[in-house]
Every structure is written in C-alpha cells, then in structure tokens.
Amino acid sequence: MKIQKKYKLLLLISLFATAVSAQTIEQARTLFSNGEYKKAAPVFLKYVKSQPANGNYNYWYGVCCLKTGNPSEAVKYLETAVQKRVTGGRLVLGETYDQLYRFEDAVKCYEEYIDDLAKKKQSTANAEKLLAKSKLSLRMLKGVEKVCVIDSFVVDKEGFLNAYKISEESGKLYAFNDFFESEGVHPGTVYETELGNKIYYADKGKGQKLYIYSQNKLQKDWGKENMLPANINTGGDTNYPYVLTDGVTIYYASNDENSIGGYDIFVSRFNTGTGAYLSPENVGMPFNSPFNDYMYVIDEYNNLGWFASDRYQPTGKVCVYVFIPNSSKQTYNYESMDQKEIAALAKLSSIKKTWADQQAVTDAHQRLTAAMNHVPEVKKQSDFSFVIDDNRTYHSLSDFKYAQARDLFQRYQQKAKEYQQQVQKLDSMRQQYAAAHAQKKGQMNAAILDLEKRVLQMSQELEEDAIKVRNTEKQHLK
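Residues numbered from 1 in each chain as written. Predicted model: local features only at pLDDT ≥ 70, side-chain atom pairs only at ≥ 80, totals over all residues. Heavy atoms only, no water.

Caption draft 1: Layout of the packing of helix H3 (residues 55-67) against helix H5 (residues 89-99). The interhelical angle for the contact between H3 and H5, taken along N-to-C directions, is 30°, at an axis separation of 11 Å. In the packing of H3 onto H5, the handedness of the crossing is left-handed. Where H3 approaches H5, its residues Tyr59, Val63, Leu66 and Lys67 are matched on the opposing element by Gly89, Val92, Glu95, Thr96 and Gln99. Looking at the contact of H3 with H5 residue by residue, the classes come out as four nonpolar, three polar and two charged. (Axes fitted to C-alpha atoms, helices over the stretch in contact; angles between N-to-C directions. Helix = DSSP H or I, 4+ residues; strand = E, 2+ residues; numbered from the N terminus. Left-handed = near helix turned anticlockwise from the far one by under 90°. Contact = heavy atoms within 4.5 Å. Nonpolar A, V, L, I, M, F, W, Y, C, P; charged D, E, K, R; others polar.)

Laid out in structure tokens, this is it:
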C-alpha cells in the first residue's frame, strides 16, 4: 500500500515538472516570436545546456544572442543548428558571420543556403541580395583605408548632431524639425552652407521614402526646392547630406542595395561642365560597416572629420567618431596582415590601433578641444550687407544718406532677386538635364544655353548697378 502511494507521488511530481518545463519553453518561444529576445535567452540557454545536441535549442539561443548584440556568442550555437539542419539556420549564421566581419565564411554560408533553396524549388532572390552584400563587404575588407581616428563619443541617437562641433567656416547642421520649425517624428537632417545662402536636406517624398533636396536663398526667403538627381536619390532612403566648401563635393548616406548594411556613406561630385553629379562612390571601410553609418562631415578649417555609426551600440545609441581626414586614400595590405587584425581595424574595435603618428594625434586632440570649447559668434541681424567703400558697409535702407542712392539700391535689390530666381531656375534645369534621357537632353540644350547667357548678362548688369549705387552715395558723402 505504501509503495503504491509512493509511486503515485513520484508520478505526480514527474508530471508537474514536465508541465512546468513545457510551459517555460512555450513561454520562451512566444517571447521569441514577439522579438523579445533578451527575455527568452535565459530559458533557451538552460535548455541548450541540458541538451547540447538539440538543433532547435541551439538555433533559438543563437538567434537571441545575435539579436541582443552578441554575435560572438551566437556563432557556435548557430553552427550547431546548421549541422543539425535546422530550417533557416544558414540564413542567420550568414548574418552572424557578417557582423563578425567573417565575410568569406558568410559568402560560403549564403551560397550553401541558396543551393538548399534551389533544391526545394524555393525563391532565392532575398538570399542572392544577402550574398551580394557579403561579397561587397569582402571587397571592402580588402581595401580598408588607413585613417587616424582620434576620439569617439557614445550619445543618444536623438540629438546626436549636438556632438558635432564643426567650425562656422564649414557651415551648420540641423535636425529637420529644428530648421523648418516643424513637429512630429522626422529623421531628416539639414546642412546649411557657410554663407547661409543654400541648404541641402532630406525630406519625405513618394512612398514616405527620404530624398535629398536643395534650396537657394532669395534675399530673405528660401526658393523652390530641387530634388537631387536619381543617381543620388536611389531606391532606398537617402539622408544626412553634407557639402564641402568647394560647393561640388557632397557626402550623404543611403540604405539602398549598394550599401553593405543599413545606411552606408557615399560621396559624389557635381560636374559644372555637364551640370550632372558623377556616379556616387561608397567610401568603404572603416567608415562603413554591416550596421548604420552616416553623417560624414569634413571640417576643413579645423582639419577634422566626423561620422556616426550604431555598430555594436544598444538601441537608441550611436557612436560619433572623430578622425583626421586624409589628403589621399591609402589602404592596409590585406594579404600580408592577420585576418583578425584587419577585421579589428575595419570595425574600429580600438581607435588607438589607428594611431600611427602620435604627434598628429596630439595636435588633432588640441584642435578638437578648441572646437568643443569654442563659443560661436553671434552675428548681428541685418537686412543686407552692401559695401560702399573701404570704411562703410550698409546694413539697412536707413543707412543711406542720399535718397537717389537709396532708390537705385532698391532697384538693385529687385534685380538681384530676379537674378537669384534665374540662377535657381538654371540649377533646376541642369539637374533635370542630368536625369533626362538623350532625346530630352537634346530638347533642353537650347533653353539651357539661352538661360546661361541671360544669367551671365544679369550678373554683369548687377555689377554695373552696384557701382552706380556706390558712386551716387559717395558723391553725396563728399
């Protein structure tokens, strides 16, 4: 009788334990399905320790590690899952290899995954895209630029532009909402040139995608917006524009199919001869990574460069890197270096590893400190700035002493406004020309040439009018 009671008790305990275990694994799988990987991970780890050969347990825990920013921990579990032929294992393992900069392994993994899909007569389109990105990443790894990164700052993604301490001579950076005084969530940024007469910015367009536009300032007002051509505004989101003081070199970020993961940084140049932007180039590693990299800025006055990345950062955080810009690109010798070492340089695992010239680093730190402690000059608000002679610059109509000179200046202002409108129209036509097909270009040639002549003529007339205003005013002052 006692043995029978004992047997029943043990059976109840066993059934209770099984029920609790089943509930725990199901809860973990529910959390996993909902993307709550951090909460699910401890449960899967417990199970994978109890059954190390279980492919599903290895897969679930490996994915949790990957999604919570620990690809190094994830890789061995996902490799086990692939050995056990868990569905989707190769796909996630390829992503893990990418994040670890093991691009040769990623290429092989994706190729095997594509073979598996083909045997099952399933679509390989998405896998083909991932394979192409890994191949591109591998090419970039073989050409990592030698760049000296002097410092880095981990900051909140929201308001990250506050970490950029660039000189007034290099223009200004704004969040879209701050510049346009708008509300709501808007990820766009704005770059305003040093003179404050032109802006480049990202705004939402067709399909809620982000496109880069420009506007010229006409007296006090901003003119019509012009979308940059299609070779810059491609299929993905395009954002974070910055233009060098030469007025032709533009850096920006895009997450289209030519990026290796999230946003990549690209550079293009405006060809004033053809009125078109050259084919954009990916700036490569270490600036770009399998994560989001953007807002590349060169402060030529302070000889400092800046860019932001969320590589290996928790949600809501980004790292802003400060580097010394190179006058020409030099790369590491991939073939002669240890693969872990070149990967570490590409990832910027340790910025001190990039310090080949300690004196250059010291000097750059001094420039950075001065830039961070600099208080921008508050410029006096004025209606305009018109030079009369070496000793006089007028900023309002009340500065004129002679009524006739004031009237001449007002006519000059009106003509200057018309001139800026024509310049803007010409700029718009040139951008349309760059994106047009051959037949359309032929139709536009004559109109563009006529407008160029008109703009040149107006420019000459403005110079003559300005001289007339100055001479009239100075005659009275005598």
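Caption draft 2: Here's a closer look at the environment of Ile467. Among the structural elements, Ile467 can be located in helix H12 (residues 438-477). On the accessibility criterion, Ile467 (46% relative accessible area) is partly exposed. Remark: the alpha-carbon pair of Ile467 and Gln358, spanning 109 residues in sequence, is separated by 53 Å. (Buried < 20%, exposed > 50% of the residue type's maximum accessible area, 1.4 Å probe, protein only.)

Caption draft 3: Focus on unusual backbone geometry. Note that the residue after Met285, namely Pro286, is joined by a cis bond; omega there is 10°. Even without being a glycine, Arg85 presents a positive backbone phi close to 60°. Positive phi, normally seen in glycine, also occurs at Tyr101, with a value near 65°. Judged by its relative accessible area of 4%, Tyr101 falls in the buried class.

Caption draft 4: Seen up close, the pairing of strand S10 (residues 264-271). Of all eight residues in S10, six are buried; the element is thus mostly enclosed. Pairing of strand S9 (residues 249-254) with S10, which is carried by six bridges, proceeds in the antiparallel orientation. Opposite Tyr251, over in S10, you have Val267 as the bridge partner. The sheet contact formed by S10 and strand S11 (residues 276-277) spans two bridges and is antiparallel. Within S11, the residue paired with Phe270 across the bridge is Tyr277. Linkage of S10 to S11, two consecutive antiparallel strands, is achieved through a turn of four residues, within which Gly275 is found at a positive phi near 70°. (Pairing = 2+ DSSP bridges.)

Caption draft 5: Just the pattern of salt bridges, in detail. By the definition in use, this model includes 11 salt bridges. Members of the salt-bridge network, linked through shared partners, are Glu79, Arg102 and Asp105. (Salt bridge = Lys/Arg side-chain N within 4 Å of Asp/Glu carboxyl O.)

Caption draft 6: The arrangement of the layout of surface pockets in detail. Of the volumes computed, that of the second largest pocket is approximately 730 Å³. Forming the boundary of the second largest pocket are 31 residues, of which Glu95, Gln99, Pro290, Phe291 and Asp310 lie nearest the centre. Of all the elements in the fold, those that place two or more residues in the lining of the second largest pocket are H3, H5, helix H7 (125-141) and strand S15 (317-324). The element that contributes the greatest number of residues to the lining of the second largest pocket is H5, accounting for five residues. (1 Å grid on protein atoms, 1.4 Å probe; cavity = no way out; pocket = protein on both sides within 12 Å on 5 of 7 lines; lining within 4 Å. Points joined across faces, edges and corners; volume = space filled by probe spheres on them.)

Caption draft 7: Structural detail: the side chain of Glu145. If you trace the backbone, Glu145 turns up in the loop between H7 and strand S1 (148-156). Buried charge without a partner: Glu145 forms no salt bridge, and the closest opposite charge is Lys329, 4.7 Å away. The contact partners of Glu145, leaving out residues within four places of it in the chain, are Met285, Pro286, Phe287, Asn326, Lys329, Gln330, Thr331 and Tyr332. (Lys, Arg positive; Asp, Glu negative; His and termini not counted.)

Caption draft 8: Geometry of helix H6 (residues 103-119). An ideal rise of 1.5 Å per residue puts 24 Å on 17 residues; H6 measures up with 24 Å between its terminal C-alpha atoms. When we look at burial in H6, the residues that qualify are Phe103, Ala106, Val107, Cys109, Tyr110, Tyr113, Ile114 and Leu117. Seen end-on, H6 carries its buried residues on one side only, within an arc spanning 165°. The exposed set on the far side of H6, more than 90 degrees from its buried face, consists of Lys108 and Lys119. Packed against the buried residues of H6 are H5 and H7. Taken from the residues just after H6, Lys121 is the one with a positive phi, measuring 60°. (Expected span 1.5 Å × (residues − 1). Arc of directions from axis to C-beta.)

Caption draft 9: Expanded view of the sheet that holds S15. Taken in spatial order, the four strands of this open sheet run S1-S15-S14-S13, and their pairing is antiparallel. Both outer strands of the open sheet, S1 and strand S13 (293-299), are each paired with one neighbouring strand and no more. Averaged over all pairs of adjacent strands, the angle between their axes in this sheet comes to 20°, without regard to strand direction. This element, helix H10 (residues 358-373), spans S1, strand S14 (304-309) and S15 of the sheet and lies at about 35° to S1.

Caption draft 10: View of the packing of aromatic side chains. According to the stated counting rule, one finds 37 aromatic pairs in the structure shown. Ring-pair connections join several aromatic residues into one group, and the members of that group are Tyr174, Phe176, Phe179, Phe180, Tyr201, Tyr213 and Trp222. If you follow Arg470 out to its NZ or CZ, it ends over the ring of Phe386, 4.8 Å from the centre. (Phe/Tyr/Trp six-rings, centres within 6.5 Å; stacked < 30°, edge-to-face > 60°. Lys NZ or Arg CZ within 6 Å of the ring centre and 35° of its normal.)

Everything listed here is a matter of coordinates, which is why it stays silent on function.
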